[in-house]
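Chains, contacts and geometry: an overview
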Amino acid sequence: MENSRALHDELKHIVGKSGILPEVQIAAYTFDGHIPKAVVLPASVQEMQEVLQFASKRDLSVMPAGAGTKLGIGNLPQKVDIVLATTRLNSVVEYEPADLTVTVEAGIRLAALQAVLAQHRQYLALDPPYTDRCTLGGIVATNASGSLRLRHGAARNQVLGLQVVHANGTVVKSGGKVVKNVAGYDLNKLYIGAFGTLGIITEVTLKLSPIPAHEAILVADFQNVQGAIDTGLSIIGSQILPMFVNLSINSDFVGTATDNATDAKRPTLVVGFGGDPETVAWQLTECRGIMEQNGALGVTSTEGESRAHLQKAIREFPATDTDTERVIAKLNLKRTGIAEFAARVMDASWARDVQVMALLGSGILYLSMPVTSDTDFEGLANTLTQLRQSATEARGNLIVEAAPPELKQHIDVWGAVGDTLGLMKQVKNRFDAGSLLNPGRFVSGI
């Protein structure tokens with residue numbers, strides 16, 4: 001295996017000096033304690049093709065990346081040779097405000113895209129963590145969505161078309177530029193959420209939404225978890241049509257973001273609305289009534305800058321730094337199963353410092369667990385395995401989204417995928433026969 005300096009020299013012949021990240025900046029793409037031998041930033045699809053062909057000939061692994069915010073998701077890598085970052089592919093290719101569609105290169109940051117769209121009072125209705133840094137390619141590759149998925153759906157629901165480069169350098173396109181564009185197999189869905197294991201996304205076409213004229217959030221404390229969740233599900237099932245309904249437990253960010261005195265230990269319901277001012281005013285009144293009828297201990301309305309701070313705190317709850325000092329576990333459950341799991345977690349002896357965020361409309365439960373120098377990682381892995389088993393029995397699952405490598409040594413972060421594994425391996429072999437892309441990091445070591 002060639003050393004890093006020799007590898008850099010060879011790659012410069014493909015992408016030029018500006019296409020190789022200097023060694024002092026590689027730390028941003030270090031994950032699970034592994035430092036890549038090279039971080040390549042191609043400036044065109046052709047350069048990306050040539051990098052992949054070069055890596056294939058030399059049996060070098062390639063980790064697709066945008067800004068690197070989600071590189072830590074996945075099992076421990078088998079080897080880390082080249083990180084291929086799309087950050088120089090960052091332009092708006094085509095924007096049709098009248099059609100509410102936009103086509104962008106994969107390396108454009110979400111924040112930069114939202115700034116362009118805001119000029120026409122439009123936005124991409126996604127609010128994943130790392131919003132200021134994450135790229136559209138990374139969002140789509142990981143199907144990152146956030147709380148707004150209750151109203152607008154996940155990332156996979158907002159993608160109209162993709163351009164992808166396969167491991168052998170072949171460029172393929174799927175979908176199109178209109179909402180109803182699938183007459184046969186929907187290949188978009190195959191790449192979305194595949195974590196770059198089937199190909200590297202280079203271009204995305206998305207459907208857009210108008211920016212709400214007014215936004216507001218209602219915050220209410222409850223005596224117990226069951227009461228808060230029952231109230232949240234009642235709101236979701238009503239005609240109020242909130243943008244999101246989230247539950248926070250054992251977290252003080254609600255009070256901090258709103259300057260309101262809330263008991264962090266109590267379950268807190270956070271409900272967001274957006275639309276024209278008259279509609280939002282009606283929604284707030286109706287929602288407040290449901291909360292008070294169900295025993296809310298206090299209901300507070302938040303708007304303006306305080307609302308923006310609170311919504312950012314909700315959005316960034318699952319975010320971690322590269323050298324994480326937290327473990328983030330994500331449970332996907334039935335809506336009706338969240339109360340049981342949340343109560344079980346909070347009653348456990350090990351959960352004193354665990355923070356909980358639930359996206360009630362989507363059946364998603366996030367657990368944030370602090371990590372210290374005294375953490376028993378084997379014991380924590382056993383605890384997560386037991387929770388995963390309970391989730392599986394309830395027809396759900398548990399994914400460890402962020403964790404230090406010491407924990408990953410004791411647990412598969414994805415869990416078992418059952419009877420679908422054979423089919424998934426066949427798909428992987430068809431698209432990436434040499435396991436060039438993200439080898440070993442996806443489910444069951446794919």
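Residues numbered from 1 in each chain as written. Predicted model: local features only at pLDDT ≥ 70, side-chain atom pairs only at ≥ 80, totals over all residues. Heavy atoms only, no water.

**Considerations on the nonpolar core**
The cut-off we apply is this: Nonpolar core, defined: a set of buried Ala, Val, Leu, Ile, Met, Phe, Trp, Tyr and Cys residues in which side-chain atoms within 4.5 Å join the residues together. The buried label applies to any residue whose accessible area, calculated with a 1.4 Å probe on protein chains only, is under 20% of its type's maximum; exposed applies above 50%, and partly exposed to all values in between. Helix numbering and strand numbering both begin at the N terminus, where a helix is a DSSP run of H or I of at least 4 residues and a strand a DSSP run of E of at least 2. The split into domains, and so the bounds of each, comes from an automatic or database assignment of domains. Contacts: residue pairs with any heavy atoms within 4.5 Å of one another.
Residues Met 291, Leu 365, Leu 367 and Leu 407 are the most contacted members of the largest nonpolar core, which totals 60 residues. Looking at this core, the element that brings in the most residues is helix α13 (residues 377-393), giving 6 residues. Structurally, this core is a two-domain feature, drawing no fewer than three residues from each of domain 3 (214-315) and domain 4 (325-418). Discounting residues that sit within four places of it in the chain, Met 291 has contacts with Leu 218, Ala 220, Phe 222, Thr 231, Ile 235, Leu 269, Val 271, Ala 296 and Val 299. Core analysis: the next-biggest nonpolar cluster, separate from the first, contains 31 residues, Ile 108, Leu 124, Tyr 130 and Leu 208 among them.

**Considerations on α13**
Definition in use: Multiply 1.5 Å by the residue count of a helix minus one, and that product is the helix's expected span. What qualifies as a polar contact is a pair of N or O atoms within 3.5 Å, subject to a donor-acceptor requirement within protein and to the restriction that residues adjacent in sequence count only when both atoms come from side chains.
Helix length check: α13, at 17 residues, gives a terminal C-alpha distance of 24 Å against a target of 24 Å (1.5 Å per residue), a fit within 8%. For α13, the set of buried residues is Phe 377, Leu 380, Ala 381, Thr 383, Leu 384, Leu 387, Arg 388, Ser 390 and Ala 391. Taken together, the buried residues of α13 touch β15 (326-332), α12 (338-347), β17 (364-370), β18 (397-402) and α14 (405-408). In this structure Asp 376 caps α13, since a side-chain oxygen of it lies 3.4 Å from the backbone nitrogen of Glu 378. Backbone geometry just downstream of α13 places Arg 395 in the positive-phi region, at approximately 65°.

**Description of the sheet that holds strand β5 (residues 101-105)**
Note: strands within a sheet are paired through backbone hydrogen bonds, in either parallel or antiparallel orientation. Condition: At least two DSSP bridges between two strands are required for those strands to pair. Lines are fitted to the C-alpha atoms to define the axes, a helix being fitted only along its stretch in contact, and any angle between axes, read from their N-to-C directions, falls within 0 to 180 degrees.
Judged by pairing direction, the sheet is antiparallel, and its 5 strands sit side by side in the order β4-β5-β9-β7-β8 without closing on themselves. Single-partner strands in this sheet number two, and they are β4 (92-96) and β8 (171-175). Along the sheet, successive strands turn relative to each other by an average axial angle of 10°, direction set aside. Against the sheet, helix α2 (residues 45-57) contacts β7 (159-165), β8 and β9 (200-207), and its axis sits at roughly 50° relative to β7.

**What to know about the pattern of salt bridges**
Just so we agree on the cut-off: A pairing counts as a salt bridge when a side-chain nitrogen of Lys or Arg comes within 4 Å of a carboxyl oxygen of Asp or Glu.
As enumerated under the stated definition, the model contains 12 salt bridges in all. With its nearest N and O atoms 3.5 Å apart, the salt bridge here joins Lys 37 to Asp 81. Placement of Lys 37 in the loop between α1 (4-15) and β1 (38-40) and of Asp 81 in the loop between β2 (62-65) and β3 (82-85) is noted, with a sequence separation of 44 residues between them. Lys 428 serves as the salt-bridge partner of Asp 432, at 2.7 Å between the closest nitrogen and oxygen. Of the residues examined, Lys 428 reaches a relative accessible area of 4% and is grouped as buried. Salt bridges here are not isolated pairs; linked through shared partners, they connect Lys 37, Asp 59, Lys 79 and Asp 81.

**Considerations on the domain arrangement of the chain**
Using the following cut-off: Summed over both partners, the accessible area (1.4 Å probe) lost when two parts come together is defined as the buried area. Residues are grouped as follows: nonpolar covers Ala, Val, Leu, Ile, Met, Phe, Trp, Tyr, Cys and Pro; charged covers Asp, Glu, Lys and Arg; every other residue, Gly included, is treated as polar.
Domain assignment breaks the chain into domain 1 (2-85), domain 2 (92-210), domain 3 (214-315) and domain 4 (325-418). Placing the centre of domain 1 and that of domain 2 at their C-alpha centroids yields a distance of 23 Å. Taken together, the contacts link 13 residues of domain 1 with 20 residues of domain 2. Each partner contributes to the roughly 1,300 Å² buried at the junction of domain 1 and domain 2, and carbon and sulfur atoms together form 75% of this total. Of all residues in domain 1, Leu 52, Thr 69 and Lys 70 give up the largest surface area on contact with domain 2, accounting jointly for 40% of the area buried on that side. Linking domain 1 with domain 2 are 0 salt bridges. Put simply, the parts of the chain that give the side of domain 1 that touches domain 2 at least two residues each are α2 and β2. Here the side of domain 1 that touches domain 2 gets 5 residues from one element, more than from any other, and that element is α2. When its residues are assigned to classes, the side of domain 1 that touches domain 2 shows 8 nonpolar, 4 polar and 1 charged.

**Regarding the sheet that holds strand β16 (residues 355-359)**
Here 8 strands make up an open sheet; going across it, the order is β14-β11-β13-β12-β16-β17-β15-β18 and the pairing antiparallel. The outermost strands of the open sheet, each flanked by one partner alone, are β14 (298-302) and β18. Each neighbouring strand pair of the sheet contributes to a mean axis angle of 20°, computed without reference to strand direction. Its contacts with the sheet put α12 on β12 (244-249), β15, β16 and β17, and the angle it makes with β17 is roughly 10°. Against the sheet, α13 touches β15, β17 and β18, its axis set at about 140° to β18.

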